[in-house]
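Inside the fold
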Amino acid sequence: MNGAAAPAGKRNRVLDTVERLGNALPDPVFIFVGIIILLVIVSVIGAAAGWSAVNPVTGDTLVVASLLSEENLQKLFVEMPRTYTGFAPLGFALTIMLGASVAERSGLLTALMRASLGGAPKNILVPMVFVLGMLATHANDAAYMVYVPLAGVVFAAAGRHPVLGLISGFAGAAVGLAGNLLPGQYDVLLLGITETGARLLDPDWTMNPLGNWYFSIGIAVVFTSVGWWVLERVVAPRLGRWDGESGVADLAGVMLSPVEKRGLMAAGVAALGVAALVAALIMWPGFTPLMDEGAEGSQRMTPFFRSIAAILFVLFTATGWAYGVATGSIRTHRDVVSMMVKGLEIILPYLVLIFFAAHFVAMFGWSNLGPITAIAGADQLRAMQAPPAILLPLLATMSAWLDFLIASGSAKWAAMSPVATPMMMLLGVSPEMTTGAYRVGDTVTNLISPLNPYVVLTLVFAQRWVPGLRLGTLIALLLPLAIAFYLAGMALTALWVGLGIPVGPAAPVGYHVPGL
């Protein structure tokens, strides 16, 4: 394969079928509408049949309640605004996005990505682009729309195949949703959804925003190593030697101007200021609002963990504002407000989706189907006598296959968490570990799912360098990565659980249900 011509990628019947079925599915909002209708029907049947289970914590008998009962219909209409606004992930997502909008629209996130690619050593270009792609995930859509095409330019400038650069950056960004060196808004979003599932069994369980951090670092290390080997030994030889344009002219757009460098310096100073402020709120003698002096051990840091969303908001806002003032992209405070407003426009589809997801989760709880299903499922799995080291990879595998039906990771977890989280809690697995296993599976097939819009976007970027490149060719290049990540992810999950390594700060693998 070279820059002048592209081979006609062979059509694959399986992939063609998946793509055709995926395109025939309705919008995720209406998928949730359909699930809610199905939930109502099941609740009516379950109530009529007398389905029940004994809560192992309280000893109370839980009975399925019809969602068409007078009480539940009244609750649906009266509590509708509170059900929506009280959904835990909503507040976290909105808080962080306000700050991230300033950092992105001021140009800070784009400048950071460009600065990270300039002057990268050729022999470690693949793992460097991969790791930076993971970190770029914190910039949301900018990771795919800005970072991935820049990765192609850098590879071409280094004399390597630009499509290899695109795939390295895209794969890194996709993996970043599960494995990352730094926590971000996606951690808060998914663990917030986990909280709604965990509270079906333990109403006092609270989300730890850093609950997946250690496991995420483990995924990042393992997937970077595996991805480097596959990209160099399998993908690069399949692409062949690059004989097309060098892309050096485009590389000028990657290098930072003096004004942008000055902006990054200002942002760095602002970041240090935020770090100093947080440290002071944790350690200042006699005044520690971010640390619980009365608690013991790691529990003392609970206020800090629960403040991650607020800290990220302050960090993004402060650094983005400082960068914007230094570069001229922000002239008055009105510009900052405008950036926040425009940034929230991006997540308007999410706000619509979350309305139906919030009601699905709430109605699942009102019907008692969630805890009853979890108790029954836990009893069956316990009868299998299968250890969590086997059960969690099975959960991850289910998550992976559902990627071909539901593209949104958060939407999929909103549907799975009410059953999976309490069920695994009853089997002695922490909600954080269950979430981590889910994220492994969600990441793997995102690389090749036709429902992932960024797969198509990456194809468009690749066709800039290889005009005849087709989707079949791109999928064939990505498939070895997906298979390798799946095998490595399952092995890592089983090993992590087997060794009992903490999933994050104050987040063990095991869990004991209070009162059980």
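Residues numbered from 1 in each chain as written. Predicted model: local features only at pLDDT ≥ 70, side-chain atom pairs only at ≥ 80, totals over all residues. Heavy atoms only, no water.

**Details of the overall build of the chain**
Along its length, the chain carries 23 helices and two strands. Put simply, the chain has 516 residues, and 52% of those count as buried. Surface summary for the chain: the accessible area is close to 21900 Å², and the carbon and sulfur share equals 68%. (Helix = DSSP H or I, 4+ residues; strand = E, 2+ residues; numbered from the N terminus. Buried < 20%, exposed > 50% of the residue type's maximum accessible area, 1.4 Å probe, protein only. Areas by Shrake-Rupley, 256 points an atom, 1.4 Å probe, with all protein chains shown as cover.)

**Digging into helix α13 (residues 258-283)**
Its 26 residues place the ends of α13 37 Å apart at the C-alpha level, agreeing with the 38 Å of an ideal helix rising 1.5 Å per residue. By the burial criterion, the buried members of α13 are E260, G263, L264, A267, A270, V274, V278 and I282. (Expected span 1.5 Å × (residues − 1).)

**Structural notes on the nonpolar core**
One finds I167, M433, L447 and L481 to be the most contacted residues of the largest nonpolar core, which totals 113 residues. No other element matches the 13 residues that helix α23 (residues 471-499) contributes to this core. The contacts of L481, once residues within four sequence positions are left out, are I167, A171, G227, V230, L231 and L447. Core analysis: the second largest hydrophobic core is formed by 34 residues, L290, M291, A309 and V513 among them. (Core = buried A, V, L, I, M, F, W, Y, C linked by side-chain atoms within 4.5 Å. Contact = heavy atoms within 4.5 Å.)

**Regarding the pattern of salt bridges**
When the charged atoms of two side chains lie near each other, side chains of opposite charge can form a pair. Scanning the model with the defined rule gives four salt bridges in all. Here R82 makes a salt bridge to E79, at a shortest N to O gap of 3.6 Å. Here R82 falls in the exposed class, since its relative accessible area comes to 62%. Across the pair R160 and E232 runs a salt bridge, and its minimum N-O distance is 2.9 Å. (Salt bridge = Lys/Arg side-chain N within 4 Å of Asp/Glu carboxyl O.)

**Some words on unusual backbone geometry**
If you check the backbone angles, N368 has positive phi at about 70° while not being a glycine. On the secondary structure map, N368 appears in the loop between α17 (348-367) and α18 (369-384). Residue N368 is classed as partly exposed on the basis of its relative accessible area, which comes to 21%. In this structure, A506 takes a positive phi of about 60° despite not being glycine. Relative accessible area serves as the criterion here: at 31%, A506 is assigned to the partly exposed category.

**Describing a nonpolar patch on the surface**
A cluster of nonpolar side chains, I37, I41, I45 and W51, forms an exposed patch at the surface whose accessible area comes to about 390 Å². You can see W51 is positioned in the loop between α2 (28-49) and β1 (52-54). (Patch = residues over 30% accessible without salt bridge, like charges linked within 9 Å, V, L, I, M, F, W, Y side chains within 5 Å.)

**Observations regarding the side chain of T443**
Looking at the secondary structure, you find T443 in helix α21 (residues 431-446). Apart from residues no more than four positions distant in its own chain, T443 is found in contact with A174, V175, L177 and A178.

**Observations regarding the packing of aromatic side chains**
Evaluation of the coordinates by the stated rule reveals seven aromatic pairs. Judged by centre distance (5.2 Å) and plane angle (80°), the rings of Y84 and F355 are edge-to-face. Here Y84 is found in helix α4 (residues 80-85), whereas its partner F355 is found in helix α17, with 271 residues between them in sequence. Take F355: its relative accessible area is 25%, and that puts it in the partly exposed class. On the basis of an interplanar angle of 50° and a centroid distance of 6.1 Å, the ring pair of F130 and F485 is categorised as tilted. (Phe/Tyr/Trp six-rings, centres within 6.5 Å; stacked < 30°, edge-to-face > 60°.)

**Description of the confidence of the model for the chain**
When the pLDDT values of the chain are averaged, the result is 81; 83% of them are 70 or greater. Across residues 1-12 the pLDDT falls below 50, and counting only partners more than four positions away or on other chains, this stretch makes 28 contacts in the model. (pLDDT = per-residue confidence, 0-100.)

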